[in-house]
Amino acid sequence: YTLTAQNIPPLKKEEFSSYDGSRMRLEFKLDYNTATNTKLFQWSDATELLYARTFKISEEDKDAIESQIDKLKLKKNISVEAKIKAVEDHFKTNYLDENASFQGADVSFILENRIGSKIGLTKLMLNAFKLVGANPQLVLTADRSKIPFDGEFQSYNYLQEYLIYIPSTGKFLAPYSPEYRYGMVPFTLTATEGLFIKELVTNGNNSPDYELKKIPALSAGENLD
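Residues numbered from 1 in each chain as written. Predicted model: local features only at pLDDT ≥ 70, side-chain atom pairs only at ≥ 80, totals over all residues. Heavy atoms only, no water.

Colleague: Any chance you could break down the overall build of the protein chain for me, citing the residues and the numbers?
Modeller: Looking only at helices and strands, the protein chain has six helices and nine strands in total. Considered along the principal axes of its C-alpha atoms, the protein chain spans approximately 65 × 50 × 35 Å. Across the 225 residues of the protein chain, 38% fall into the buried class. Put simply, of all contacts in the protein chain between residues at least 6 apart along the chain, 59% involve residues at least 24 apart. By element, 48% of the accessible surface of the protein chain is carried by carbon and sulfur atoms, the whole surface being about 13700 Å². Computed over 27 positive and 31 negative side-chain charges, the separation of the two mean positions in the protein chain equals 3 Å. (Helix = DSSP H or I, 4+ residues; strand = E, 2+ residues; numbered from the N terminus. Buried < 20%, exposed > 50% of the residue type's maximum accessible area, 1.4 Å probe, protein only. Contact = heavy atoms within 4.5 Å. Areas by Shrake-Rupley, 256 points an atom, 1.4 Å probe, with all protein chains shown as cover. Lys, Arg positive; Asp, Glu negative; His and termini not counted. Charge placed at Lys NZ, Arg CZ, Asp CG, Glu CD.)

Colleague: Now, about the sheet that holds strand β6 (residues 161-166): what can you tell me, with residues and values included?
Modeller: The antiparallel open sheet is built from five strands, whose spatial order is β7-β6-β5-β8-β9. Of all the strands in the sheet, the pair left with one neighbour each is β7 (171-173) and β9 (205-215). If you compare each strand with its neighbour and ignore which way they point, the axes differ by 30° on average. As paired elements, β6 and β7 share three bridges and run antiparallel to each other. Within β7, the residue paired with Tyr165 across the bridge is Phe172. (Pairing = 2+ DSSP bridges. Axes fitted to C-alpha atoms, helices over the stretch in contact; angles between N-to-C directions.)

Colleague: How would you sum up a negative patch on the surface? Please name residues and give values.
Modeller: On the surface, Glu59, Glu60, Asp63, Glu66 and Asp70 cluster together to form a negatively charged patch. Among the structural elements, Glu59 can be located in helix α3 (residues 59-71). (Patch = residues over 30% accessible without salt bridge, like charges linked within 9 Å, V, L, I, M, F, W, Y side chains within 5 Å. Salt bridge = Lys/Arg side-chain N within 4 Å of Asp/Glu carboxyl O.)

Colleague: Quick one: what's the story with a nonpolar patch on the surface, residue by residue and with numbers?
Modeller: On the surface, a cluster of nonpolar side chains totalling about 410 Å² of accessible area is made up of Leu3, Leu26 and Phe28. Inspection of the secondary structure assignment puts Leu26 in the loop between α1 (19-22) and β1 (32-33). The class of Leu26 is exposed, set by a relative accessible area of 59%.

Colleague: How would you summarise the environment of Leu212 if you had to cite specific residues and measurements?
Modeller: On the secondary structure map, Leu212 appears in strand β9. Spatially, the C-alpha atoms of Leu212 and Glu193 are 6.7 Å apart, while their sequence positions differ by 19 residues. With near-sequence residues (within four places) excluded, Leu212 lies in contact with Trp43, Phe149, Gly151, Glu193, Gly194 and Leu195.

Colleague: Can you lay out α3 for me, pointing to particular residues and giving the numbers?
Modeller: For α3, spanning 13 residues, the distance from its first C-alpha to its last is 19 Å, which sits close to the expected 18 Å at 1.5 Å a residue. Those residues of α3 lying buried are Asp61, Ile65, Gln68 and Ile69. Buried residues of α3, viewed axially, fall in a sector of 100°; they line one side. What points out from α3, more than 90 degrees from its buried face, is the exposed set Glu59, Glu60, Asp70 and Lys71. Buried positions along α3 lie against α4 (80-94), α5 (107-113) and α6 (118-131). Once α3 ends, the next one or two residues include Lys73, with phi positive near 50°. (Expected span 1.5 Å × (residues − 1). Arc of directions from axis to C-beta.)

Colleague: Can you explain empty space enclosed by the protein? Please cite residues and give values.
Modeller: Using the criterion set out here, one finds one cavity of 30 Å³ or more in the structure. What the largest cavity holds in volume is close to 60 Å³. In terms of lining residues, the largest cavity is bounded by 11 residues, among which Lys92, Tyr95, Leu121, Pro175 and Tyr176 are the most central. When contributions to the lining of the largest cavity are tallied by element, the ones reaching two or more residues are α4, β3 (96-97) and α6. Looking at which element gives the most residues to the lining of the largest cavity, the answer is α6, with three residues. In the lining of the largest cavity, the residues fall into nine nonpolar, no polar and two charged. (1 Å grid on protein atoms, 1.4 Å probe; cavity = no way out; pocket = protein on both sides within 12 Å on 5 of 7 lines; lining within 4 Å. Points joined across faces, edges and corners; volume = space filled by probe spheres on them. Nonpolar A, V, L, I, M, F, W, Y, C, P; charged D, E, K, R; others polar.)

Colleague: Account for the packing of α4 against α6, naming residues and giving values.
Modeller: Interhelical geometry of α4 versus α6 gives an angle of 150° and a closest axis separation of 10 Å. When the axes of α4 and α6 are compared, the pair comes out roughly antiparallel. Judged by the twist between their axes, the crossing of α4 over α6 is right-handed. Residues Ile84, Val87, Glu88, Phe91 and Lys92 of α4 pack against Leu124, Met125, Ala128 and Phe129 of α6. In terms of residue class, the contact of α4 with α6 is made up of seven nonpolar, no polar and two charged. (Parallel < 35°, antiparallel > 145°, perpendicular 65-115°, else oblique. Left-handed = near helix turned anticlockwise from the far one by under 90°.)

Spelled out as structure tokens, the structure:
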């Protein structure tokens, strides 16, 4: 296959504009395996994979997270939002993302060594929020200043950054960014689309579901910068 493009206009750099995100680019993927009559990589495939890697943890890891939450001595009558803020602050103060190795994806490794990978810290926070009744959703997106998310082109290229969404409050948080707190996330991960993954419970069985939605930008009143 070849592609020829002619008369491509120049793109000038402008202050406060997304130069890389505005550049023309070519993306391609292997879409179909004719030998097995199989459609390759769909959002549903990514949902199953990421659900297994983040929502599912062992009973041992669940107990370890509950033990951390117990240390916070949260009052039973406080709001879910207050619990989220306390849990987030605890883990972001004590457990940092240092681009840890593959082991950094394990909850037990993170709690013991106080270091974790992006997906490991996301898994830790996601399940902690589940335990305090926040019913969180996992969100996958990309930095729009580099590669704008295109929901019509089903590709792993867009699943680069993790956010957590709390449906009851409509707010997001960045699980492995210690400089951000609940309600504020990196602005380049907003005003763009994302893959939202939620957990469904039917007759005692847990399963994932997904939806493509817009991640809204914060209003001026919510952004203190």
